[in-house]
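# Working through the structure, step by step
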Amino acid sequence: MYISKSFVPILKNNPSEAKIKSHQLMLRAGMIKQSAAGIYSWLPLGFKVMKKIENIVREEQNKIGAQEILMPTIQSSEIWKESGRYDDYGEEMLRIKDRQNREMLYGPTNEELITDIFRSSIKSYKSLPQLLYHIQWKFRDELRPRFGIMRCREFYMKDAYSFDVNDEDALYSYNKFFLSYLRTFKRLNLTAIPMAADTGPIGGNLSHEFIILADTGESKIFTDKRIFELNDDESTIEKKSLEDLRKKYEKFYAVTDEKFNKNDFEKEVSEENRLITKGIEVGHIFYFGDKYSKPLNASVDLPEGKKSFVKMGSYGVGVSRLVGAIIEAKYNDKDEIMKWPLSVAPYELAIIPMINKNDTSAMEKANNIYKKLEEKKIEAIIDDTDENFSSKIKKFNLIGVPYRIILGKKSEEDLIEFQEIDKETKNLSLDKIIKILTEQKEKI
Ligand SMILES: Nc1ncnc2c1ncn2[C@@H]1O[C@H](COP(=O)(O)OP(=O)(O)O)[C@@H](O)[C@H]1O
Ligand SMILES: [Mg+2]
């Protein structure tokens, strides 16, 4: 791909409406374009990043045995009346009437719809557990959409739902998602901390928000610093192992302001380990038992013949929000450099030939390198514009392609100037460069 032919409408200056880094950068690098308040179009660069995030989320859902489906964006109000949430949800729900005057809505979440799907086919405990998910647009008519795609009205979410026969199995399902979230965020190069959370309009009694640290985050957090040292390296998808994993995290105080209690915080966390800061919520999981299965009458037959309402949980990841959250976490303000984690970078490597009208050799070289990289499944982009060198570098610092090759007069026959965006340049052979990138990619 040549940059001159790609749809990357870069802006020279920060748009005045953008207050935080991710919003500024996404507009400036031509990743998104606002089409109405809190509603955005995703342009090629932004869309590529979001799709890569989506794929990682998907892979980690599949690994815990969740099955992918796709539910519609438009729902009927009937099931929401059955659960009692049609009125409760209030003005955040976008309500629509069809030509028959039927009350429809643009789904803000899918507990009702999935329970309806479940109850129509699953009748026996023998079919449980069921873990189902989809990745679909949601609409919430937020009072104050802001910060670009971080808090918008139409956003892309992975939402999963679990169905189990009893509390014990349901907690096992909950813990599977707990693990899959830790693994998902790790692959996105983020440290997301699970924090005890309120259940809000979803309801229920057990809930964790997954939060990444960022000064621009909307959640105030109070935590024991030592929680950042934990990991899931030892965990396997077994009841005991997953329970131990959740307990290990729950041992450390970590809450958002809704759950904050000053006395508990000061009692449980010694002064040197206290951390009060801000973060971005990138995922949220809930266990709510029969809150929806009861009113919607979703039950299964038990071995002894009785019926029981299924025990449910729901599990959300803000796929579109993550694009902004990664920028907030990774942008280097001092050097004005964005470096996308390789796992989600819009391009993995930029080839920057120093173009000279009388000498096309650098461009030829760029094309040859591009072909070789393509064979090795490395996604590159060639800067074929006639901008000067420093403008090119500035542009890629903004777009955030993590690696680059610079083809100037200096390049010797076999050695190429290679740079990781925030490090020193090195002269390496193309084979060596391919090896470095391939090894990095294998770790994702
Ligand atoms: N208005 C929004 N814009 C972008 N992403 C959102 C928005 N609301 C929620 N999300 C994402 O979806 C995930 C699940 O949402 P949920 O917890 O149900 O919403 P909320 O936290 O607003 O009650 C959140 O963790 C967040 O990452
Ligand atoms: Mg939430």
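Residues numbered from 1 in each chain as written. Chains lettered and ligands numbered in written order. Predicted model: local features only at pLDDT ≥ 70, side-chain atom pairs only at ≥ 80, totals over all residues. Heavy atoms only, no water.

## So, the sheet that holds strand β21 (residues 425-428)
Sheet architecture is open: five strands sit in the order β18-β17-β19-β20-β21, paired in mixed fashion. The sheet is open, and its two borders are formed by β18 (380-382) and β21, each paired with just one other strand. Strand-to-strand, the axes of this sheet are offset by a mean angle of 25 degrees, without reference to chain direction. Inspection of the sheet shows strand β20 (residues 416-420) paired to β21 by four bridges, in the antiparallel sense. Within β21, the residue paired with Ile 416 across the bridge is Leu 428. Across the sheet, helix α10 (residues 361-375) touches β17 (349-353), β18, β19 (403-407) and β20, and the angle it forms with β17 is around 160 degrees. (Pairing = 2+ DSSP bridges. Helix = DSSP H or I, 4+ residues; strand = E, 2+ residues; numbered from the N terminus. Axes fitted to C-alpha atoms, helices over the stretch in contact; angles between N-to-C directions. Contact = heavy atoms within 4.5 Å.)

## A look at the site of ligand 1
The environment of ligand 1 is formed by 14 residues, the closest being Arg 140, Glu 142, Cys 152, Glu 281 and His 284. Contact distances for ligand 1 include 2.8 Å between an oxygen atom and a side-chain N or O atom of Arg 140. In this structure, Glu 281 approaches ligand 1 through a side-chain N or O atom, which is 2.6 Å from an oxygen atom. Within the complex, the protein chains bury 88% of what would otherwise be the 530 Å² of accessible surface of ligand 1. Considering every element that reaches the shell around ligand 1, the biggest residue donor is strand β13 (residues 274-289), with four residues. (Near = heavy atom within 4 Å. Polar contact = N/O pair within 3.5 Å; in protein donor to acceptor, adjacent residues only side chain to side chain. Areas by Shrake-Rupley, 256 points an atom, 1.4 Å probe, with all protein chains shown as cover.)

## Notes on the sheet that holds strand β6 (residues 103-106)
Pairing is antiparallel across the open sheet formed by three strands, whose spatial order is β4-β6-β5. Either end of the sheet is taken by a strand with one partner, and the two such strands are β4 (74-76) and β5 (94-97). Adjacent strand axes in the sheet meet at a mean angle of 40 degrees when their direction is disregarded. Note that β5 and β6 share four bridges and pair antiparallel. Residue pairing for β6: Lys 97 is matched across the bridge by Glu 103.

## Considerations on the pairing of β13
Of all the 16 residues making up β13, 12 are buried; the element is thus mostly covered by neighbouring parts of the structure. Relative to β13, strand β10 (residues 206-213) runs antiparallel, the two being bridged by eight bridges. Paired with Glu 209 across the bridge in β13 is His 284. One ladder, built from six bridges, connects strand β11 (residues 219-224) with β13; its direction is antiparallel. (Buried < 20%, exposed > 50% of the residue type's maximum accessible area, 1.4 Å probe, protein only.)

## Here we look at the packing of aromatic side chains
Overall, the coordinates contain 17 aromatic pairs when judged by the stated rule. With 5.2 Å between their ring centres and 45 degrees between their planes, Tyr 253 and Phe 265 make a pair best called tilted. Residue Tyr 253 is found in the loop between α7 (239-250) and β12 (254-256), and its partner Phe 265 is found in helix α8 (residues 262-268); the two are separated by 12 residues along the sequence. Look at Phe 265 and you get buried, because its relative accessible area is 2%. Among the aromatic residues, those joined into a ring-pair cluster are Phe 178, Tyr 181, Phe 185, Phe 210 and Tyr 249. (Phe/Tyr/Trp six-rings, centres within 6.5 Å; stacked < 30°, edge-to-face > 60°.)

## Overview of the coordination of the magnesium ion (ligand 2)
Summarising the metal site, the magnesium ion (ligand 2) is bound by the protein donors Glu 281 (OE) and His 284 (ND1), whose distances to it range over 2.2 to 2.3 Å. Looking at Glu 281, the relative accessible area reads 24%, which means it is partly exposed. (Donors = N, O, S within 2.8 Å, 3.2 Å for Na, K, Ca; no water.)

## Re the pattern of salt bridges
Scanning all chains against the criterion turns up 38 salt bridges. Lys 51 is paired through a salt bridge with Glu 54; the nearest N and O atoms lie 2.9 Å apart. Here Lys 51 and its partner Glu 54 are both found in helix α2 (residues 44-63), three residues apart, which amounts to about one turn of the helix. By relative accessible area, Lys 51 is classed as partly exposed at 31%. Between Arg 58 and Glu 68 there is a salt bridge, and its shortest N-O distance comes to 2.7 Å. (Salt bridge = Lys/Arg side-chain N within 4 Å of Asp/Glu carboxyl O.)

## Section: the pairing of strand β16 (residues 311-318)
Burial runs high along β16: eight of the eight residues are buried. Burial along β16 is two-sided: the residues Lys 311, Gly 313, Tyr 315 and Val 317 and Met 312, Ser 314, Gly 316 and Gly 318 are all buried. Relative to β16, strand β8 (residues 154-164) is paired through eight bridges, and the arrangement is antiparallel. Bridge assignment links Asp 164 to a residue of β16, and that residue is Lys 311. Where β13 lies against β16, six bridges are found, and the strand directions are antiparallel. Residue pairing for β16: Gly 283 is matched across the bridge by Val 317.

## Thoughts on the side chain of Lys 52
Counting through the fold element by element, Lys 52 comes out in helix α2. Beyond its immediate chain neighbours, meaning those up to four positions away, Lys 52 contacts Ser 343, Val 344, Ala 345, Pro 346, Glu 348 and Glu 379.

## Some details on the nonpolar core
Residues Ile 53, Phe 185 and Trp 340 are the most contacted members of the largest nonpolar core, which totals 84 residues. Residues Leu 105, Leu 113, Tyr 161 and Leu 302 belong to the second largest nonpolar core, which totals 25 residues. (Core = buried A, V, L, I, M, F, W, Y, C linked by side-chain atoms within 4.5 Å.)

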